Amino acid sequence: MITCRICQGSVQEFFDFGSQPLSDAFRKPDDTSTEFFYRLAVGVCEQCTMVQLTEEVPRERMFREDYPYHSSLSSVMRNHFEQTARHLMETECRGPDPFIVEIGCNDGAMLGTVARSGVRHLGVEPSRDVAELATAKGIRVHFDFFQESTAAEIRAADGPADVIYAANTICHIPYLDSVFRGVDILLAPDGVFVFEDPYLGDIVDRASFDQIYDEHFYLFSASSVRTAARRFGLELVDVERLPVHGGEVRYTLVRQGRREPSPEVAALTEDERRRQIVDSAILEQFGIQVKRNCEELTGLLRELRAAGHSVAAYGATAKSATVMNYAGIGPDLVPRIFDSTAAKQGRLSPGSHVPVRPIEEFAEPYPDYVLLFAWNHAQEIIAKETAFREQGGKWILYVPNVHVV
Ligand code: SAM
Ligand code: TMP
Ligand code: ZN
């Protein structure tokens, strides 16, 4: 039996992706070391409804000095984080000397705006290269993993935080109990803990199964976050659906009794109950659709290759590790992936060993078909790459189903 990381209830596994590599471990071509694999499977707690991975990858393997994900590479995300920073400063920083802490600040996409506004802040970031990029932007960074002990150190040095914010990071942290205890230590009496992560409701709706990989330990819903938070004296007082990264929810938590929950909290938890998003029949259906989508995708790629078409992929996302390694997509079907991240270029995709090439080579010459692994950035990328479509190129998408546009 697998035990829930939050409540020690029993976790029922509902999908097994088999053996998978670290999703962000892009290998140098001459690296002959043994590649690390683990079993990627996902389950739901019968007691608290938290959807979670059944096996935990040690955090130091994932969040290393050369962790290659850079938040600021997407203009949509830069804009999203600038607006987020302004919103947090306007609505939650009323005192004379407010203090904003970001967990997982990465290259400073959000805190850059806070720093430029002269507001007291601190980013907590364990991956060295991205932490250094943030520091170079004038951001104060505490180079470590956020957990209870880190929170105590920050509280002792800087005092209480008015805002603790995190994007695409809290769902990465299996030791959520330590994070919540840390928030309890660090948060000012009337402070807010705000975090946004991929939303289980959207993942189930869109069959976006590639949101499931080592780093995404939890797939949150409003109901599961509210239940987990209450165990640590926090109350979920607001939820906001966000369009970024294929559908997320921003959760706002405060100390219990400090604010009335907004009607949106009741509306979303009620919607989850009505849709039964953690019902075993719904999750079984999700699994059937995942298998069907993967079979259709490999079938389409095989047909295109057999017909002599050139095929490539766009966006060496962490998500693509799940797709390629589960569906069996390698260099024979997709000979290269174009990506704008310097830290991924010249390397091989984890497990599937497809070469990652700079975007500058995309047009040399354009492939006939391009599998868009970064489908969550589809609008931005398709708008940027109009010349590819104009000369007859076609995009292949696989969420919510396999289709060519
Ligand atoms: N917040 C950025 C965004 O939304 O684009 C970065 C998200 S990135 C997917 C996750 C970040 O969280 C990484 O930079 C990683 O190093 C960091 N991280 C992982 N575990 C952490 C922890 N326990 N405390 C603080 N940061 C952590
Ligand atoms: P993400 O889906 O985890 O945000 O990763 C997106 C990947 O796609 C990342 O490796 C950067 C890459 N990318 C491009 O190559 N070009 C682009 O225009 C964008 C937005 C992302
Ligand atoms: Zn549980």
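From a predicted model like this one, the values you see are computed outputs, not experimental measurements. All residue numbers refer to positions counted from 1 along the written sequence of the respective chain. Written order decides the labels, with chains lettered from A and ligands numbered from 1. This being a predicted model, a pLDDT of at least 70 is required before a residue's local features are given, and a value of 80 or more before pairs of side-chain atoms are given or counted; all residues contribute to the totals for chains, interfaces and linings. Side-chain measures were taken over the full set of non-hydrogen atoms in the model, leaving aside hydrogen atoms and water.

**Quick notes on the packing of aromatic side chains**
- Aromatic rings from Phe, Tyr and Trp, with only the six-membered ring used for Trp, were paired whenever their centres fell within 6.5 Å, and each pair was classed as stacked if the ring planes differed by under 30 degrees, edge-to-face if by over 60, and tilted otherwise. Applying the stated criterion across every chain yields a total of 24 aromatic pairs.
- Relative to W395, the ring of F362 lies with its centre 6.4 Å away and its plane at 35°, an arrangement referred to as tilted. In this pair, F362 sits in the loop between β15 (356-358) and β16 (369-372) while W395 sits in strand β17 (residues 394-397), placing the two residues 33 residues apart along the sequence. This pair shows no difference in class: F362 is buried, exactly as W395 is.
- Aromatic rings pair up to connect F180, F193, F195, F217, Y218, F220, F232 and Y251 into one cluster.
- When the NZ atom of lysine or the CZ atom of arginine is within 6 Å of a ring's centre and also within 35 degrees of its normal, the charge is said to sit over that ring. Here the basic side chain of R59 rests over the ring of F145, its NZ or CZ set 4.0 Å away from the ring centre. Elements are defined by DSSP. Helices are runs of H or I of four residues or more, strands are runs of E of two residues or more, and each kind is numbered from the N terminus. Accessible area is worked out with a 1.4 Å probe on protein chains only. A residue is then buried under 20% of its type maximum, exposed over 50%, and partly exposed in between.

**Observations regarding the coordination of the zinc ion (ligand 3)**
- The coordination sphere of the zinc ion (ligand 3), as far as protein atoms go, consists of C4 (SG), C7 (SG), C45 (SG) and C48 (SG), spread over 2.3 Å.
- Only nitrogen, oxygen and sulfur atoms qualify as donors, and only when within 2.8 Å of the metal (3.2 Å in the case of Na, K and Ca); with water excluded, sites may look incomplete. Donor angles set the geometry label: tetrahedral for four donors if every angle is between 85 and 135 degrees, square planar for four and octahedral for six if opposite donors exceed 155 degrees and the others are between 65 and 115, irregular for anything else. Considering all four donor atoms around the zinc ion (ligand 3), the spread of angles at the metal, 99 to 114°, places the coordination shape in the tetrahedral class.
- Counting the intervening residues between successive donors of the zinc ion (ligand 3) yields the motif C-x2-C-x37-C-x2-C. On the criterion of sequence distance, the pair formed by C4 in the loop between β1 (2-3) and β2 (10-21) and C45 in strand β3 (residues 37-45) is long-range, its members being 41 residues apart. The two residues C4 and C45 agree in class, both being buried.

**As for the UniProt feature "domain: C-methyltransferase" (unreviewed entry) in the protein**
- UniProt positions are given in the numbering used here, feature names are shortened, and annotations may be inferred rather than shown by experiment. Feature annotation in UniProt assigns "domain: C-methyltransferase" (unreviewed entry) to the following positions: residues 243-400.
- When the span residues 243-400 is considered, its composition is 39% helix and 16% strand, and the gap between its end C-alpha atoms is 15 Å.

**Description of the site of ligand 1**
- Near, as used in this document, describes a residue that has one of its heavy atoms within 4 Å of the molecule or strand being considered. In the vicinity of ligand 1 there are 21 residues, among which S71, E125, S127, F146 and N168 approach most closely.
- Polar contact is defined as a pair of N or O atoms within 3.5 Å, subject to the rule that within protein one atom must be able to donate a hydrogen and the other to accept it, and that residues adjacent in sequence are counted only when both atoms are side-chain atoms. In the environment of ligand 1, a nitrogen atom lies 2.9 Å from a nitrogen or oxygen atom belonging to the backbone of G104.
- With the chains in place, 97% of the 600 Å² that ligand 1 exposes on its own is no longer accessible. All accessibility values rest on the Shrake-Rupley procedure with a 1.4 Å probe; residue burial counts only the protein chains present in the view.

**Looking at the packing of helix α10 (residues 280-306) against helix α11 (residues 319-327)**
- Interaxial angles span 0 to 180 degrees and are taken between N-to-C directions of axes, which are lines fitted to C-alpha atoms, for helices over the stretch in contact. Interaxial distance between α10 and α11 falls to 10 Å at its minimum, and their mutual angle equals 75°. One finds that α10 runs roughly perpendicular with respect to α11. Contacts between α10 and α11 involve V290, K291, C294, L297 and T298 on the former and, on the latter, V323, Y326 and A327.
- Under the scheme applied, nonpolar residues are Ala, Val, Leu, Ile, Met, Phe, Trp, Tyr, Cys and Pro; charged residues are Asp, Glu, Lys and Arg; polar residues are all the others, including Gly. Classifying every residue of the contact of α10 with α11 gives six nonpolar, one polar and one charged. Throughout, the term roughly parallel applies to angles under 35 degrees, roughly antiparallel to angles over 145, roughly perpendicular to angles from 65 to 115, and oblique to all others. We call two residues in contact whenever any of their non-hydrogen atoms come within 4.5 Å of each other.

**Some details on the pattern of salt bridges**
- Between Lys or Arg on one side and Asp or Glu on the other, a salt bridge is scored when a side-chain nitrogen of the former is within 4 Å of a carboxyl oxygen of the latter. As enumerated under the stated definition, the model contains 26 salt bridges in all.
- A salt bridge links R120 to D97, with the nearest nitrogen and oxygen atoms 3.1 Å apart. In this pair, R120 sits in strand β6 (residues 120-124) while D97 sits in the loop between α2 (75-92) and β5 (99-103), placing the two residues 23 residues apart along the sequence.
- Take R120: its relative accessible area is 28%, and that puts it in the partly exposed class.
- You can call D97 partly exposed: its relative accessible area is 47%.
- Linked through salt bridges whose partners overlap, the residues forming this network are E65, R128, D129 and E132.

**So, the nonpolar core**
- In terms of nonpolar packing, the biggest core is built from 112 residues, with I170, F193, F220, Y251, L253 and Y398 touching the most fellow members.
- Counting residues per element, this core draws most heavily on α10, at eight residues.
- Sequence-distant contacts of Y251, defined by excluding residues within four places in its chain, comprise F193, V194, F195, Y199, F220, S221, A222, V225, L236, D238 and V239.
- Buried Ala, Val, Leu, Ile, Met, Phe, Trp, Tyr and Cys residues that are joined via side-chain atoms within 4.5 Å together make up what is termed a nonpolar core. The next biggest cluster of nonpolar side chains, apart from the first, holds 24 residues, and it includes F81, A85, C105 and L111.

**As for the site of ligand 2**
- Around ligand 2 sit 19 residues, and of these K319, D339, K344, H377 and K384 come closest.
- At 2.8 Å from an oxygen atom of ligand 2 is found a main-chain nitrogen or oxygen belonging to S340.
- K384 places a polar side-chain atom, nitrogen or oxygen, 2.3 Å from an oxygen atom of ligand 2.
- By residue number, the principal contributor to the shell around ligand 2 is helix α12 (residues 378-384), which donates three residues.
- Grouping the constituent residues of the shell around ligand 2 by class yields six nonpolar, eight polar and five charged.

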